[in-house]
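# Notes for the structure review
Given next are the chains, with one letter for each unit.
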Amino acid sequence: MIDEETGGTALPERGMAAERVLDEIRLLRGRDRPTHGGRLFAYVYDPAVPGLDELAAAAHAQSAHVNGLDPTAFPSLLAMENALVGAAGRLLGGGPGSAAPDVVGSVTGGGTESLILAVKAARDAHPEITAPRLVVPSSAHAAFAKAAHYLRVALDVVPVPPDTLRADPAAMAAAIGPDTVLVACSAPSYAHGVVDPVAEIAAVAAEAGRRCHVDACFGGWTLPYLRRLGAPVPPFDFTVPGVTSVSVDLHKYAYAPKGVSVLLHRDPALRAPQYFAYADWPGYTMINPTIASTRSGGPIAAAYATLRHLGDDGYLRLAATTRDAVAGLADAVRAVDGLRLMAEPESTVVCFTTTDPALDLFVLVDELTLRGWHTQPQLTYAGLPASVHLTVTAAVAPRVAEFGPALADAVAAARAAGPVALPPDLLALAGALTPDALTPGLVAGLAAGLGLGGGAGVGSAGAGPLPERMAPVNALLDAAPPAVRERLLVEFVGLLQRPAW
Ligand SMILES: *Cc1c(COP(=O)(O)O)cnc(C)c1O
């Protein structure tokens, strides 16, 4: 048993045999959601290509101890990064012979880092603007809010019309002011999978002399292939005049292991303020394109190996498989009375909501989980209903035929169970609270009432830190305004993240 061996700590008194350590990790991993098998619709991106995991792991191992801190010391990483940036740049409308021949970029640790750096580059290009602002549609990824927060850039959020869920170019234009340093949009949005009208938004940004970032973190690696397969994908990349930067996550639909994204700029001058250089200390001169300084070569080598192995033809094939899976899942949703697609799928997301008050989406999510299907609930927001998000990857295709009956069955069970009924005083509390009123004691009481925060250590037995049913937690969060949701989440997750001694 793990707990007898380690007492829950990562530092046992005596070192353990390698095999036993790996056994432990295997045991722990057994409690995770399944990363393969096509039944997990968030967090992981699985092409179900035999041998790809092994290849990526071998490449990762070869470069894990190489440091991206200094490209002159480790030219292998420089070469692989340049190759990844070149591949992404070409896929997204740049490179020799294109309308954007001077595209350059950086390999970052993930989509959030790419977006923070896009905002930093835009901010630092204008040192004369003392209170810089960023304009985004309300459908933009939360990472823009994080970037704005970290960088002290004010965020101007422009609501998306609830019928299209797409950014409104006229409203975006109206939000641009003298201190705006960047206008951003998505291709596609994560929540609903719809592509913003990039050409119109880039035009209004260019007209105002502002940078325009296209967040293609999610779909940048699939939209070009879906278009080649005949889908009506509008221009969204460097082919669009006025687009100054584009981000694409390789650890999403390029199917690379986690920790790798690419941020592209139309030309080197646009990228220059992204760098941080420092020579005013007695140590080595520092020059970083990214937030992290020391960076493992592992994810970069793994991504390089993944792209080389799958190749352009492989990604085209995987996009076709994924497109068919999306169509099948959307049909399954349409076939169920009481469910409605939030948007007609145009990328690799299927997102649906309920039209029947007796069918509680959060209960449905739990019923699907109990049947082995892991979906992602999205809370109500600014006039948009709660929804269920499915990120669809190629691995889902063989499961599509099973999904329809499972969904129908889960819907019937959710109807039979009825909506979550939280005690009225609890709901009233959630709705009325201000974040400051949430004392640690109050939150601990709430968490205990919801079954959150049990044993979470390596050796803990039993149900673990989360209740089997999350619907009451989601219902409580859903009843609260965003600022209270944020505070509750911080407190709840803080209860989970406790040292194992
Ligand atoms: C995933 C995602 C991000 C953030 O990426 P991370 O890799 O999770 O940091 C940003 N934008 C969009 C559209 C995304 O889908």
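These lines cover the structure that appears in this document, whether it is placed above or below.

Between helix α15 (residues 440-450) and helix α17 (residues 482-496), whose axes approach to 10 Å, the crossing angle comes to 70 degrees. In terms of their interaxial angle, α15 and α17 are classed as roughly perpendicular. Where α15 crosses over α17, the two elements pack in a sense that is right-handed. For the pair α15 and α17, contact is made by Val443, Leu446, Ala447 and Leu450 and by Leu488, Glu491, Phe492 and Leu495, respectively.

With that settled, the discussion passes to the sheet that holds strand β11 (residues 349-354). Overall, antiparallel pairing links the four strands, which are arranged β10-β11-β13-β12 in an open sheet. Edge positions in the open sheet fall to β10 (339-341) and β12 (376-378), since each of these has one partner strand only. If you compare each strand with its neighbour and ignore which way they point, the axes differ by 30 degrees on average. Direction of pairing for β10 relative to β11: antiparallel, over a ladder of three bridges. If you follow Leu339 over to β11, its bridge partner there is Thr354.

It is worth spelling out the packing of aromatic side chains at this point. All chains considered together, the criterion is met by 12 aromatic pairs. Arranged with centres 5.8 Å apart and planes meeting at 65 degrees, the rings of Phe41 and Phe403 form a pair that is edge-to-face. Residue Phe41 is found in the loop between α2 (18-29) and α3 (52-63), and its partner Phe403 is found in helix α13 (residues 400-417); the two are separated by 362 residues along the sequence. Relative accessible area serves as the criterion here: at 0%, Phe41 is assigned to the buried category. Summarising the aromatic geometry, the rings of Tyr45 and Tyr253 are spaced 5.1 Å apart at their centres and angled 80 degrees between planes, so their arrangement reads as edge-to-face. One end of the pair, Tyr45, is in the loop between α2 and α3; the other, Tyr253, is in the loop between β6 (245-249) and β7 (261-265), and 208 residues separate them in sequence. For the pair shown, Tyr45 and Tyr253 are each scored as buried. Taken together through their ring pairs, the aromatic side chains of Tyr45, Tyr190, Phe218, Tyr253 and Tyr255 make up a single cluster. For Arg39, the ring lying beneath its charged end belongs to Trp373, and the centroid distance is 4.3 Å.

What counts, and at which threshold
- Residues numbered from 1 in each chain as written.
- Predicted model: local features only at pLDDT ≥ 70, side-chain atom pairs only at ≥ 80, totals over all residues.
- Heavy atoms only, no water.
- Axes fitted to C-alpha atoms, helices over the stretch in contact; angles between N-to-C directions.
- Helix = DSSP H or I, 4+ residues; strand = E, 2+ residues; numbered from the N terminus.
- Parallel < 35°, antiparallel > 145°, perpendicular 65-115°, else oblique.
- Left-handed = near helix turned anticlockwise from the far one by under 90°.
- Contact = heavy atoms within 4.5 Å.
- Pairing = 2+ DSSP bridges.
- Phe/Tyr/Trp six-rings, centres within 6.5 Å; stacked < 30°, edge-to-face > 60°.
- Buried < 20%, exposed > 50% of the residue type's maximum accessible area, 1.4 Å probe, protein only.
- Lys NZ or Arg CZ within 6 Å of the ring centre and 35° of its normal.

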